[in-house]
Structure formats: structure tokens, C-alpha cells
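# Understanding the architecture of this molecule
Here are the chains, one letter per residue:
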Amino acid sequence: MPFSDYHITMTITDIAAKAGVSIATVSRFMNNGSVKEETRKKLEQVIQEMNYQPNNVIQKAVPLSSKKESIAILTHSISNLYSSEFAEEVTSQYSKNGVMCYTICCTNMDEEYRSIMDMVSRGFTGAVLHDLAEGEALANLYNRIGQKFPLVIVHSYPVDLECNSITVNQEKGMRDAMAYLLKLGHRRIAYVSGDTGYSFKIKEKIWKEELEKVGCPPEKQDAIKAENTDFEAGVETTHQAVLKYLQDGNRPTAIFTANDIMALGTIAAMSDMGLKVGEDISLMSHDNTMIAKSYNLTCVDMKIRSVGIAAVDLMNYALHGSDSTPRHITISPAIIERTSCRRV
């Protein structure tokens, strides 16, 4: 079947039939659930085969010279201020020049695919994709679409992209965070994160490595996992996970949370136990959204607004530059010191 018959209307039923697996299996795969590695590879291959002819969609787009610019921002969560503050900055930059900007929220791979295809077919000028689902299948799809349709991708996973992209060096940020806490004398540091995603995994790996280097390998229970940590629900799931950890008698001198949403849940758990942030247990978070600023949390600053400005600059280059070679920008995070961490 040609791609023109698939491109917007393709469903997980089509993918399941092509791969010879159940619809439930495809659904788990697209929502980052548990799938056998062999099945995962098969599904990625099928998705690449079925998605990978964007030219037929591109032909439907209105030529740039005949329309006013309109930019789409595609992200996975609006309740996570890491995403919404980025979208706000991009929109603010474009509004100065009268460019229409639309934010679209997608929570899984299937929604992302359909949204990207819809943006292209509706004739959007370009799209900024922010912190989307990981995977080789989508990366290859972005690369092919990016050859014909202006894309700027803001991501954190280790994959080579053949379109304009921005990364924030999260490995450096985590090593700097651990160096900061270790310099303050902390040797038992709990790590709070979600259970899936490259960003969480690389932070956890560095957390273990840096503690092992100083002769204090972390205890198994000090890696605290919560669900839905990129969404509002993550506040409560983190609250319960950290509360159980503390109720079990664990008393680290510091806790590091992999984003600011989890910091809120951790603060709630400490409050339930009568523990004060910065006095009884130090707390350091990641992202530096409004949450970190409001609670005076020492944190890793992901330079959200700088990334937003860079995304607009890259899109302008993609639309109006004289060179079509994709550019890749790496931004270094920084440690913002506030009052939530103490020396021990």
C-alpha cells in the first residue's frame, strides 16, 4: 500500500497487522511500556517502513512564498514547566515578529507521529519538536521529514540527527551536581527519578559512578522510582514513593530529584515526616523552572529560555539561511546555588 494511503489515517491496528503482533503490544511499545527487545526492533522496523515516505505529504504543503509563517511547537507535557516555559519563550520570540505560533501536546509516540504528519499536510512553515519520545524509528522519521520540511529538534537522547537540533549536556549537568553535593560533604545521596527515559537513566548512571569514586557506593533503596514524573500526577507519585522511603527509616543527608516536579513531591514527603529542607536533609533538583525558584532550590539550570531563543534562531536559519547544512547546538547547563543544600 502506498504511503499516501497511510500517512494520516494509519493506526496502531495497521502496525500490529504488519508486524504480526497484538494491538496491545503496539500500544505498550508506543507508550514506552514493557516489550521484548526482539518485538521492539520489529516494531521500529515496521514503523520506519510504513512512515518513511514523507514526500507525498510534503507536496500538499503550501509554498513558503505564498503564505504567512506559522510555527508549531510539539511537546509531551504542558503541566511540566520545563516544557511550558520553553514553549512560552519560543512563542514570545515569534510574537515580536508577528509570526503565529501553536503549541501541540502529545503524550506518546503514536500521537507524535500523527501530529507531525498533520502539521506537514496543513502547510505549517516549520515545527519545533521539544523533548519528544525516544527511539530509532522516530529519529529516522525526523531525519527524512527534515530533508523537506523545516524542523528544529530539542532532545537529550544520544542519536545522530540529520536536521537542525539542540541538546543540553545533561551528563555534564549531573556530574557538576554530584561534584557540588560531594564538595559539601554529602556521601549518602538519594536519587529520585522516573522509571523510563534516557535522561533519567544517564543521571542515575552518573549518580552511581560519582558515589563509587569516593568509596560510597549507593544503597539499592536510595534509587527511588516514581511514575508519571513528567506530568502533574508525578507530584503525588513522588510524594508517596519518597514518603515510603523515609518511613522505612532511610535518612540520606541529601536528595537529588531528576526534575522539579519530583522536587515538589519530595518536599511534601519531607513535610509529612516533619523534616525541613536544607536543615534535616538537603534537596537539589534539576531543570530550574519556576518551581525551583519559588522554593529556593539549588538546582541544575537547563537554560530553558536560552534553548528557546536558540530554537528560534535555528528555525530562522532553516527557513531563510543560504546554507542547507543542518546545524547542531549544544548548551551547557549550570548549577544555581540557593538555600536548599547545606554542608555536612
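Throughout what follows, the structure given in this document is the object of discussion.

## A short note on the side chain of Glu-89
- On the secondary structure map, Glu-89 appears in helix α5 (residues 81-95).
- Within the structure, the side chain of Glu-89 is placed 3.2 Å from the side chain of Arg-305, a separation counted as a polar contact.
- The contact partners of Glu-89, leaving out residues within four places of it in the chain, are Arg-305, Gly-308 and Ile-309.

## Some remarks on the sheet that holds strand β6 (residues 189-194)
- Pairing is mixed in the open sheet, where six strands are placed in the order β7-β6-β8-β9-β10-β12. Looking at which strands have only one partner, the edges of the open sheet turn out to be β7 (223-226) and β12 (334-336). Each strand axis lies, on average, 20 degrees off the axis of its neighbour in the sheet, ignoring direction.
- When β6 meets β7, the two strands line up parallel, connected through four bridges. Bridge pairing links Ser-193 to Lys-225 in β7.

## Thoughts on the nonpolar core
- Counting residues in hydrophobic clusters, the biggest one holds 41 residues, and the most contacted among them are Ile-189, Leu-246 and Met-284.
- The leading source of residues in this core is helix α8 (residues 170-183), at six residues.
- Those residues in contact with Leu-246, other than ones at most four positions away along the chain, are Arg-251, Ala-269, Met-270, Met-273, Leu-275 and Ile-281.
- If you look at the next biggest cluster of nonpolar residues, it comprises 25 residues, including Val-99, Val-128, Ala-311 and Tyr-317.

## Section: empty space enclosed by the protein
- In total, this model carries two cavities of 30 Å³ or more according to the counting rule given.
- The volume enclosed by the largest cavity comes to roughly 60 Å³.
- Around the largest cavity sit Tyr-82, Asp-131, Val-154, His-155, Ser-156, Ile-166, Thr-167, Val-168, Gln-170 and Met-302, which together line it.
- Counting only elements with at least two residues in the lining of the largest cavity, the list comes to β4 (151-155) and β5 (164-168).
- Per element, the largest residue contribution to the lining of the largest cavity is three residues, and it comes from β5.
- Class assignment of the residues belonging to the lining of the largest cavity gives a composition of five nonpolar, four polar and one charged.

## Re the environment of Ile-78
- Tracing the chain through its elements places Ile-78 in the loop between β1 (70-75) and α5.
- For Ile-78, a relative accessible area of 40% translates into the label partly exposed.
- Counting along the chain gives 152 residues from Ile-78 to Asp-230, while the straight-line C-alpha distance between them is 9.2 Å.
- Setting aside its immediate chain neighbours within four residues, Ile-78 contacts Ser-84, Thr-103 and Cys-105.

Calculation rules
Residues numbered from 1 in each chain as written. Predicted model: local features only at pLDDT ≥ 70, side-chain atom pairs only at ≥ 80, totals over all residues. Heavy atoms only, no water. Helix = DSSP H or I, 4+ residues; strand = E, 2+ residues; numbered from the N terminus. Polar contact = N/O pair within 3.5 Å; in protein donor to acceptor, adjacent residues only side chain to side chain. Contact = heavy atoms within 4.5 Å. Pairing = 2+ DSSP bridges. Axes fitted to C-alpha atoms, helices over the stretch in contact; angles between N-to-C directions. Core = buried A, V, L, I, M, F, W, Y, C linked by side-chain atoms within 4.5 Å. Buried < 20%, exposed > 50% of the residue type's maximum accessible area, 1.4 Å probe, protein only. 1 Å grid on protein atoms, 1.4 Å probe; cavity = no way out; pocket = protein on both sides within 12 Å on 5 of 7 lines; lining within 4 Å. Points joined across faces, edges and corners; volume = space filled by probe spheres on them. Nonpolar A, V, L, I, M, F, W, Y, C, P; charged D, E, K, R; others polar.

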